[in-house]
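# Results of the structural survey
Listed below, chain by chain, are the residues.
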Amino acid sequence: MPKLSELRISLQKGSPGKISKEMWIALLGTFLLFTWLLLKQVNKTYFILSLCKRVRTADGSPLESKVFVTPGKTRFGNNFDILNFTPASLFTFLRESAAKAKGQNYLWYFLFATEYNVVRAEEAEEIFQSTTLLSKNMVYDMMKPFLGDGLLISKGE
């Protein structure tokens, strides 16, 4: 059993209350590893850089097999794709996006919202017959000066 005087000497050598450089590196490494694992888990449900929820298929199959996911110009989804567009250039962008999708419906990941754009008539018919699927996405609000008020933009009110 150590003597009390030996314990006092060993405590004085370790500088109590002070964290060593190696300990800071270990703490920082642990924090970064934990943060990376947490973001990896959250990224399965959310498109982190667009701050919106990811769309999943009901049967669990890959989303790309059902719908075209429009790639963004940056890592932030499609957030910067329509920046500073006029209504006319926005309409052109919509037509180009539909052409890239090659006849498939397509998705955009925007800030706080995932937008599903319907191109195929089968899905459009299902939406038009629904009494609950009447809200349009934000692109229609931006195109209102170009298209004017009408049946395409109305919300059934």
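Residues numbered from 1 in each chain as written. Predicted model: local features only at pLDDT ≥ 70, side-chain atom pairs only at ≥ 80, totals over all residues. Heavy atoms only, no water.

## A short note on the confidence of the model for the protein
Looking at the protein as a whole, the pLDDT averages 77, with 79% of positions reaching at least 70. For the protein, the element scoring lowest by mean pLDDT is helix α1 (residues 4-13), at 52; helix α2 (residues 21-42) scores highest, at 90. (pLDDT = per-residue confidence, 0-100. Helix = DSSP H or I, 4+ residues; strand = E, 2+ residues; numbered from the N terminus.)

## Side note on the layout of surface pockets
Empty space within the second largest pocket amounts to approximately 220 Å³. In this structure, the second largest pocket is lined by 13 residues; those nearest its centre are V55, R56, P62, L63 and E64. Among the residues making up the lining of the second largest pocket, the classes are represented as 6 nonpolar, 3 polar and 4 charged. (1 Å grid on protein atoms, 1.4 Å probe; cavity = no way out; pocket = protein on both sides within 12 Å on 5 of 7 lines; lining within 4 Å. Points joined across faces, edges and corners; volume = space filled by probe spheres on them. Nonpolar A, V, L, I, M, F, W, Y, C, P; charged D, E, K, R; others polar.)

## Brief notes about the environment of V55
Within the element layout of this structure, V55 appears in the loop between β2 (52-53) and β3 (68-69). With a relative accessible area of 31%, V55 lands in the partly exposed category. Sequence separation between V55 and Y116 is 61 residues, and the spatial gap between their C-alpha atoms is 9.3 Å. Once you skip the residues sitting within four places of it in the chain, V55 turns out to touch L63, L107, Y109 and T114. (Buried < 20%, exposed > 50% of the residue type's maximum accessible area, 1.4 Å probe, protein only. Contact = heavy atoms within 4.5 Å.)

## Structural notes on the environment of G72
Of note, G72 is situated in the loop between β3 and α3 (87-101). Overall, G72 belongs to the partly exposed group, its relative accessible area being 32%. Considering only alpha carbons, one finds G72 and Y109, 37 residues apart in sequence, at a separation of 8.3 Å.

## Focus: the pattern of salt bridges
Counted under the stated rule, the structure contains 3 salt bridges. Here R120 and E122 are joined by a salt bridge, their closest N and O atoms 4.0 Å apart. Owing to a relative accessible area of 29%, R120 belongs among the partly exposed residues under this scheme. Judged by relative accessible area, E122 falls into the exposed class, the value being 55%. Across the pair E123 and R120 runs a salt bridge, and its minimum N-O distance is 2.7 Å. Overlapping salt bridges bring together R120, E122 and E123 as one network. (Salt bridge = Lys/Arg side-chain N within 4 Å of Asp/Glu carboxyl O.)

## Some words on the nonpolar core
Considering soluble globular proteins, one finds that nonpolar side chains tend to be buried as a cluster. In this structure, I82, L90, F93, L94, A98, A101, Y106, W108, F110 and M143 together form the largest nonpolar core, which totals 10 residues. Of all the elements, α3 adds the most residues to this core, at 5 residues. Grouped together as the second largest cluster of nonpolar side chains are 6 residues, F47, L63, V67 and Y109 included. (Core = buried A, V, L, I, M, F, W, Y, C linked by side-chain atoms within 4.5 Å.)

## Some words on unusual backbone geometry
Across residues other than glycine, the phi torsion is negative in most instances, and most of the peptide bonds are trans. Unlike most non-glycine residues, K102 shows phi in positive territory, near 55°. By the element assignment, K102 lies in the loop between α3 and β4 (106-110). A relative accessible area of 75% means that K102 is categorised as exposed.

## Description of the packing of aromatic side chains
What characterises a pair of aromatic rings is the spacing of the ring centres plus the angle enclosed by the ring planes. Enumeration over the complete set of coordinates arrives at 3 aromatic pairs. Ring centres of F85 and F93 lie 5.6 Å apart, and the angle between their planes is 70°; on these two criteria the pair is classed as edge-to-face. A residue is classified by how much of its surface remains accessible, and F93, at 10% relative accessible area, is buried. Taken together, a centroid distance of 5.7 Å and an interplanar angle of 65° make the contact between Y106 and W108 edge-to-face. Residues Y106 and W108 agree in their burial class; the two are buried. Here the aromatic cluster, defined as three or more aromatic residues joined through ring pairs, consists of F85, F93, Y106 and W108. (Phe/Tyr/Trp six-rings, centres within 6.5 Å; stacked < 30°, edge-to-face > 60°.)

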